[in-house]
Each structure stands twice: as structure tokens, then as C-alpha cells.
Amino acid sequence: MSKPLVRILLPSRFQVITSPQNKVVQRLERLRRSKAAREEEGHVVVQGIKTLQELGSKGHHCLRTIGVTYDMEKGPIRSPALDVVTAVLREEKDEDREQLSRGSLKEQGSGVRGKAFKADQYVAVSRKLTTRILGTDSPTAEHEVWAEVAIPDRSTLFSTVAHVPTASTSKDGKSGSSVIEKLLVFDQVSDPGNMGLMIRSAMAFSWSAGWQTPGTVDPFNDKVVRASRALCLDFPMKVGGRWTELDVFLKSREIVPLVADMVPGWISQEEGRGGRSSSTTSVAIDSHRLVWWNWPSSLSRSKAPEKIALIMSSEHHGVDGRDGVGEGSDEKRREKDEDRAAKNRLLARAVRVSIPMNPAVESMNVAAAATAMMWELNRVLDSQVKKGMSREGDLDLQIFDRDA
């Protein structure tokens, strides 16, 4: 004898959707596929109950839709979808709670704890529709959980007016300092996996914020959301920032631009001859320390800049790569020309910083290089602070000069 269908076990708040033509499904698909839709609606779709719980613990309570994967023909709903259903049931009317005590939910979901997930609407869809909504390469789990989460507005953090340190508040009610000391600039990073990993590393190392330049993937792209474990919603990001804006912003905040670059040939040649750097203790490249070059005379050579913007370029294009030359309308071409000029000005005054590598390796993946550089820059800046407090002396930076 076959088991009866268990549709009645879902709380009354849940709408069961079976058609791909349903308006909710189509809207969620548009959010995944279209940057314009995400900008217009201000939401992204986030997968996984653990990720959603982490977002909730950090103040992301603006959920428009919560969805669970549920195929009625396959028997009782199970965790993690069951965790959401059970939590919602706890706040439902008495008759729904009576269903919980009678039905197979009790058998499958005993011991589930946690606060109810608050949302404007709740839906239950098949595994096939879940895969369609999330756009995953492989079918999703049978009892998956996902939600439509609001994108926080942190635009005031990137004001170019005369800067006075204040506390900023985003749409989700979270407060934070408006002081940006370590900015990660994404230059033509087109791979969403790399973008997500760089955001995770920046968050892990407590970098202040990010800046998305033209040619870089949308930080709220569905693959970026997955690769970053939705940390893109926590990491303050200037979205759609032009180089003209970045140039003004860095000057207004007195932030020194650093460009991640390959060790140039003239330094490698000097090293081969036992060449010189401004380091007081070393005459050749120390492969375990960053190499600094193009150091301006306006900066002290005894310490690193206290506020920095690290510009990371895609491995394919490189920092001097050009994108979209001559494309678009006259106005668009004019904007690109202005941006290119601003980028060139910024790069000309920027300090170059390099990771010494085995010569057998041509280049590093941008996410791996960014992770290594952010960690090492943290170490350098922290050491600088400790030396300053203990008055032990200047920091020994590995700075090379072309005319040394």
C-alpha cells in the first residue's frame, strides 16, 4: 500500500509551486540571470540554511521569499527544509501545530530548534524547479533551503566629500565605521569564482571595503554569491565605480594606491648581479617578503603607507589591459576615454608591489595572489604598529629603485 501524500504537513503560509511559468519562479530566475533585475529589486537569491543562519546572525533579516525543496511523492519532508518548516509551524495557529504532533513531521524533525525564518512569502517547489531558480550546474539536494535576501545599501561609505570619520548605517540596520584603511580594488576580474574567493579572503583578513571597476563581474552574480558564501552581502562594495571616481576618492581619503604586479625584469637582473635595494639589511630579493618599487619621494621609506588601496587585476588582462576600446555610443566612448586617462594617472603614481615567485611559474591566479598579498600586507602594517608602540625603530621594507 502506497504512502499518502503529505501536502497537509506544510504550514498554511507555504505556497506550493509546480509550474515553471509561475510568476514567483520567473521573477527569481530573472534575479539570477540579470544584473539589471538585481539592481532594480535590490535582492539576491542565497542558497543553504547554514549560510542563511549566518546572515541572520549578522543582521540580514530583510527576506522577501523563503523557499524549500519538497517533492510530495517522495515522502515526508526532511532537514534542512524541515528545519524551516518546523520553525514556521511553531508560530502558526493551533490547528497547524496539531498537524505537527499528528503527522510524520514529528517523526522526522524531532529536536529541531531555532528561531523562525521571517519572510514576506514562503514557497515549496520541486527539486527540478529549485535547480532552475538557483541555476546550479548539478541538481540540488532533495530538501534544499534558499531565500531572497535584500542587498544592503552602503553607498554613503564611498562619499568623496571632505572626510570626517563617522558611524554609517545601512538599510539592514547594521552600523559600522566609515573609515576605510584597506581597500581592495577589483580590476577586470571577470571570473565569478575568483571574485567570490577574493571577497571571502578580504572579509577573513578584515579589509575595509571593495571597489568594482568597469569590466569586473557583478559582485551579486549568483556564482559570486555561492563562491563567497554570501559574504558579498557583508563586504562593503562600491558597485559600478569608475576610475575617475576612484582617483578622486583615494585623494580625498588620503589613501595610497598599491598595484599588484609582476617583479620587473630590471629587479630580477639586479638580483642576479647581487643588485641593490633600499633595504638596510639585504642586497638581493628576499623571496619571503614583498618587493616594493615605483616608490614616490613623497612617502617615507621607513614605513608602509597606513591607508592603502590594493589594485588586483585579472591574470588574463593584467593591470595595463584595455577593455572595450571604441565600443558603444559617443557618450560611452567619451566616458571610457576619461576612465582610461584616470586609470593611467592613478597607475603612474601608484606604488608597485610584487610577490617573489619561482621563475618557472609565469603568473599566479588573481584570487590566490590577492589572498597572499592581503595577508602579508596585514602582517607588515601590524608589525609597523607594534614597532611604533614599542619604539623599536623603522620597518625594513624591501624597496627597489630603478636608478639605484
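So, how was this worked out
Here the residue numbers are simple positions, counted from 1 along each chain's written sequence. Local features in this predicted model are restricted to residues whose pLDDT is 70 or higher, and side-chain atom pairs enter the listing and the counts only when it is 80 or higher, whereas totals over whole chains, interfaces and linings include all residues. Note that the side-chain values use all heavy atoms of the structure and ignore hydrogens as well as water. Secondary structure is summarised from DSSP: a helix means a run of H or I of at least four residues, a strand means a run of E of at least two, and numbering begins at the N terminus for each. For every residue, the accessible area (1.4 Å probe, protein chains only) is compared with the maximum for its type, and the residue is labelled buried under 20%, exposed over 50%, or partly exposed between those bounds. For this analysis, residues touch if any pair of their heavy atoms sits within 4.5 Å. All accessible areas in this document rest on Shrake-Rupley with a 1.4 Å probe, and a residue is counted as covered only by the protein chains that are shown. Take the residue count of a helix, subtract one, and multiply by 1.5 Å to get its expected span. Any pair of nitrogen or oxygen atoms within 3.5 Å is treated as a polar contact; in protein, a donor-acceptor pairing is required on top of that, and neighbouring residues in sequence qualify only through side-chain atoms on both sides. One requirement defines pairing of two strands: DSSP has to find at least two bridges between them. The handedness of a crossover follows from its direction of travel: if, with the strands pointing away from the viewer, the path from the first strand over the helix to the second runs clockwise, the crossover is right-handed. Each nonpolar core is a collection of buried residues, namely Ala, Val, Leu, Ile, Met, Phe, Trp, Tyr and Cys, held together in the definition by side-chain atoms within 4.5 Å. Whenever a helix is involved, its axis is fitted only over the stretch in contact; in every case the axis is a line through C-alpha atoms, and angles between N-to-C directions fall within 0 to 180 degrees. Here the aromatic set is Phe, Tyr and Trp, taking the six-membered ring for Trp, and pairing holds for ring centres within 6.5 Å; pairs whose planes are under 30 degrees apart are stacked, those over 60 apart are edge-to-face, and all others are tilted. For a ring to carry a charge above it, either NZ of a lysine or CZ of an arginine must fall within 6 Å of the ring centroid while also lying within 35 degrees of the normal to the ring plane.

- Looking up the chain in an unreviewed UniProt entry gives the name tRNA/rRNA methyltransferase SpoU type domain-containing protein, with the organism given as Linnemannia hyalina.

## A word on the overall build of the chain
Part 1: Across its full length, the chain carries 13 helices and 15 strands.
Part 2: The buried share among the 404 residues of the chain stands at 49%.
Part 3: Partitioning the intrachain contacts of the chain with sequence separation of at least 6 by distance along the chain shows that 79% fall at a separation of at least 24.
Part 4: Of the roughly 20,300 Å² of accessible surface on the chain, a fraction of 50% belongs to carbon and sulfur atoms.

## Things to note about helix α8 (residues 192–204)
Every α-helix winds through 3.6 residues per turn, so residues three or four apart in the chain are directed the same way.
Part 1: The terminal C-alpha atoms of α8 lie 18 Å apart, and with 13 residues this matches the ideal 18 Å at 1.5 Å per residue to within 8%.
Part 2: Listing the buried residues of α8 in full gives Pro192, Asn194, Met195, Gly196, Met198, Ile199, Ser201 and Ala202.
Part 3: Of the residues that open α8, the one with a side-chain oxygen 3.0 Å from the backbone nitrogen of Gly193 is Asp191.
Part 4: Positive backbone phi, approximately 60°, marks Ser206, located one or two places after α8.

## A few points about the pairing of strand β9 (residues 209–212)
Remark: a regular strand shows side chains that alternate across the two faces of the sheet.
Part 1: The two faces of β9 match: Ala209 and Trp211 on one face and Gly210 and Gln212 on the other face are all buried.
Part 2: In terms of strand pairing, strand β8 (residues 182–187) meets β9 through four bridges, oriented parallel. Counted as the bridge partner of Leu183 is Ala209 from β9.
Part 3: At this point the chain moves from β8, through α8, to the parallel β9, and the crossover so formed is right-handed.

## Let's talk about the nonpolar core
Part 1: Counting 69 residues, the largest nonpolar core has Leu233, Trp292, Leu310 and Met312 as the members making the most contacts within it.
Part 2: Apart from residues no more than four positions distant in its own chain, Leu310 is found in contact with Leu183, Leu184, Val185, Trp207, Leu258, Ala260, Val353, Met373, Met374 and Leu377.
Part 3: Within the second largest apolar cluster, 20 residues are counted, among which are Ile255, Ile311, Ala342 and Leu346.

## Some details on the sheet that holds β9
Part 1: Taken together, the eight strands give an open sheet; going across it, the order is β10-β9-β8-β13-β11-β14-β12-β15, and neighbouring strands pair in mixed fashion. Because the sheet does not close on itself, it has two edges, and the strands there are β10 (237–238) and β15 (399–400).
Part 2: Bridging between β9 and β10 involves two bridges; their strand directions are parallel. Pairing of Gly210 across the sheet is with Met237, part of β10.
Part 3: Relative to the sheet, helix α10 (residues 243–253) contacts β8, β9, β10, β11 (256–260) and β13 (308–313), its axis offset from that of β8 by approximately 165°.
Part 4: The sheet contacts of helix α12 (residues 330–349) involve β8, β11, β13 and β14 (351–354), and relative to β11 the element is tilted by about 90°.

## Observations concerning the side chain of Arg154
Part 1: The topology assignment puts Arg154 in the loop between β5 (145–150) and β6 (167–169).
Part 2: A residue is classified by how much of its surface remains accessible, and Arg154, at 16% relative accessible area, is buried.
Part 3: Among the polar contacts listed, one links the side chain of Arg154 to the backbone oxygen of Leu233, at a separation of 3.2 Å.

## Details of the packing of aromatic side chains
Part 1: Across all of its chains, the model carries six aromatic pairs by this definition.
Part 2: Between Phe158 and Phe249, the ring centres sit 6.0 Å apart and the planes meet at 50°, which makes this aromatic pair tilted. With Phe158 in the loop between β5 and β6 and Phe249 in helix α10, the pair connects residues that are 91 residues apart, well separated along the chain. For the residue pair Phe158 and Phe249, the accessibility class agrees, reading buried in each case.
Part 3: Here the aromatic rings of Trp292 and Trp295 are separated by 5.6 Å at their centres, their planes lie at 75°, and the arrangement is edge-to-face.
Part 4: Judged by relative accessible area, which is 7%, Trp295 ranks as buried.
Part 5: Between Lys238 and the ring centre of Trp211, over which it is positioned, the NZ or CZ distance is 5.9 Å.

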